[in-house]
Amino acid sequence: MAWTLADIPDLHDRTALVTGATDGLGLETSRELARRGAKVLMAGRNPTKGDAALKRIRDEQPTADVTFEPVELQDLATVRSLAQRAGAQDVDILVNNAGVMGVPQGQTGQGFETQLGVNYLSHFVLTGSLLEALRSRPNPRVVMLSSLAHLTGKIDFDDLQSKQGYKPFAAYAQSKLAMLMFAQELQRRTDRHGWGLVSAAAHPGFATTNLMSSGSKTMARLGGAVAPFFSHSAAAGALPSLLAATRPDLPHASYWGPTGAFEVKGPPGPAKISRRAADPAPAARLWDVSQQLTDHPFGEGA
Ligand SMILES: NC(=O)c1ccc[n+]([C@@H]2O[C@H](COP(=O)([O-])OP(=O)(O)OC[C@H]3O[C@@H](n4cnc5c(N)ncnc54)[C@H](OP(=O)(O)O)[C@@H]3O)[C@@H](O)[C@H]2O)c1
């Protein structure tokens, strides 16, 4: 039988941190975690949108324990500060959800290509900064948002920042492949070092959100034209994330998505991991490169 929202267990003793929680999938994920009693720290870059998101949830659920946590994922100083605040509040579920797609070429505060920086490297640092806090909690869980785009993605170790010819969608696919590789590698390292985490990944298929509008006008127009036929709602798109964040008996390093044709929509279930994403050697290399780039040692002996 397909997993549904009714399968989410009671979460009154859990605290979740969701990035990109002010809109789209992150807002839906936060709403359902809060509905089951979790304390939810909703991280985003826009306080006005943050207030609106809190109001939407509180209007529906007056007793919801939700707060807004500011973070600009283009700036690792704010990511580290978020980790400190969240760690002090006993976070045990981390949903690395925020992302942008197909944006014009740009750089984050640390000089990373925008999509690699926002979608992946910021979450690498957030997870690493929260590692000790997560480990101190019972059954900690980390969920990475990937995408069907990972199937076409390649990690270009010779030009990770896409300086030699920027293709917006290729850079997006690289960042989403990196997230899936990160989820797999985090599980391998937690098993090796006894960190006690369960690391999982999820993708929403094609969900109607603002993501398309973060990229080019052509992409937004194309997305708008096909969405009525091939997409499902943000609420439906959030189900794989919710499954990955809350199912008690989750297999290690699992990947979840819609189970309809081509995993574009449908009820949540196991998703296809590309050979590239499952290969341990490039994932270990990406981990080491990410530590060097962000100057962020990730756990003792990692
Ligand atoms: N929708 C889909 O069909 C689809 C498909 C595959 C994968 N995904 C993945 O799902 C995740 C959520 O996307 P979505 O569809 O829900 O998109 P969305 O509606 O555009 O929401 C993205 C969220 O991320 C936040 N965000 C973006 N850049 C940020 C930054 N620099 N610092 C802090 N927060 C930032 C946004 O804040 P603002 O509103 O302030 O910009 C927003 O809250 C992404 O990782 C995306 O790659 C989505």
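Residues numbered from 1 in each chain as written. Predicted model: local features only at pLDDT ≥ 70, side-chain atom pairs only at ≥ 80, totals over all residues.

Caption draft 1: Quick peek at the overall build of the protein. Summing up its helical and strand segments, the protein has 10 helices and 8 strands in all. Looking at the protein residue by residue over its 302 residues, the buried ones come to 50%. Once local pairs closer than 6 in sequence are excluded, the contacts in the protein between residues at least 24 apart make up 74%. (Helix = DSSP H or I, 4+ residues; strand = E, 2+ residues; numbered from the N terminus. Buried ≥ 20, exposed ≤ 12 C-beta atoms within 10 Å, placed from the backbone. Contact = placed C-beta atoms within 7 Å.)

Caption draft 2: Summary view of unusual backbone geometry. You will see that Ser162, though not glycine, has its phi angle at about 55°, which is positive. In this fold, Ser162 is placed in the loop between strand E5 (141-145) and helix H5 (168-193). We note that Glu263 has phi near 60°; this positive angle belongs to a residue other than glycine. As for its placement among the helices and strands, Glu263 is situated in the loop between strand E7 (255-258) and strand E8 (268-270). Look at Glu263 and you get buried, because 21 C-beta atoms sit within 10 Å.

Caption draft 3: Fine view of the sheet that holds strand E6 (residues 198-202). The strand order across the open sheet formed by 8 strands is E3-E2-E1-E4-E5-E6-E7-E8, and the pairing between neighbours is mixed. Edge positions in the sheet fall to strand E3 (65-70) and E8, since each has one partner strand and no second. Averaged over all pairs of adjacent strands, the angle between strand axes in this sheet comes to 20°, irrespective of strand direction. Bridge count between strand E4 (residues 93-96) and E5: 4 bridges; the pairing is parallel. The residue of E5 that forms the bridge with Val95 is Val143. Running at roughly 170° to strand E1 (residues 15-19), helix H1 (residues 24-35) makes contact with E1, strand E2 (39-44), E3 and E4 of the sheet. (Pairing = 2+ DSSP bridges. Axes fitted to C-alpha atoms, helices over the stretch in contact; angles between N-to-C directions.)

Caption draft 4: Geometry of the nonpolar core. Formed by 86 residues in total, the largest nonpolar core has its most connected members in Ala16 and Ala201. When sequence neighbours within four positions are dropped, the list of residues in contact with Ala201 reads Val143, Met144, Ser146, Met179, Leu180, Ala183, Ala244 and Tyr255. (Core = buried A, V, L, I, M, F, W, Y, C linked by C-beta atoms within 7 Å.)

Caption draft 5: Layout of the site of the ligand. Close to the ligand lie 32 residues, the nearest being Gly20, Gly24, Gly99, Ser147 and Thr209. Secondary structure elements with two or more residues in the shell around the ligand: H1 and helix H4 (114-135). Looking at the shell around the ligand, the element that brings in the most residues is H1, giving 3 residues. Of the residues that constitute the shell around the ligand, the class distribution is 12 nonpolar, 16 polar and 4 charged. (Near = placed C-beta within 6 Å. Nonpolar A, V, L, I, M, F, W, Y, C, P; charged D, E, K, R; others polar.)

Caption draft 6: How the structure looks around the packing of H4 against helix H10 (residues 280-294). For the pair H4 and H10, interaxial distance at closest approach is 10 Å and the crossing angle is 85°. In this view, H4 runs roughly perpendicular relative to H10, as classed from their interaxial angle. Counting all contacts with H4, which are made through Leu121, Phe124 and Val125, the residues of H10 involved are Ser290, Leu293 and Thr294. Considering only residue class, the contact of H4 with H10 consists of 4 nonpolar, 2 polar and no charged. (Parallel < 35°, antiparallel > 145°, perpendicular 65-115°, else oblique.)

Caption draft 7: A look at the pairing of E4. Where burial is concerned, the two faces of E4 agree: the one with Ile93 and Val95 and the one with Leu94 and Asn96 are both buried. Across 3 bridges, E1 lies against E4 in parallel orientation. Residue pairing for E4: Leu17 is matched across the bridge by Leu94. The parallel pair E4 and E5 is bridged by H4, and the resulting crossover is right-handed. (Right-handed = clockwise from strand over helix to strand, strands pointing away.)

Caption draft 8: Geometry of the pairing of E7. Across 2 bridges, E6 lies against E7 in parallel orientation. Pairing of Ala202 across the sheet is with Trp256, part of E7. Direction of pairing for E7 relative to E8: antiparallel, over a ladder of 3 bridges. Residue pairing across strands places Pro258 opposite Pro268, the latter belonging to E8.

Caption draft 9: Region of the structure containing the environment of Pro228. Structurally, Pro228 is set in helix H6 (residues 217-230). We classify Pro228 as exposed; it has 8 C-beta atoms within 10 Å. For the pair Pro228 and Asp59, spaced 169 residues apart in sequence, the C-alpha to C-alpha distance is 29 Å.

Caption draft 10: Focus on H4. With 22 residues, H4 should cover 32 Å at 1.5 Å per step; its first-to-last C-alpha distance of 30 Å lies within 8% of that length. Of all 22 residues in H4, 20 are buried, a share of seventy percent or more. (Expected span 1.5 Å × (residues − 1).)

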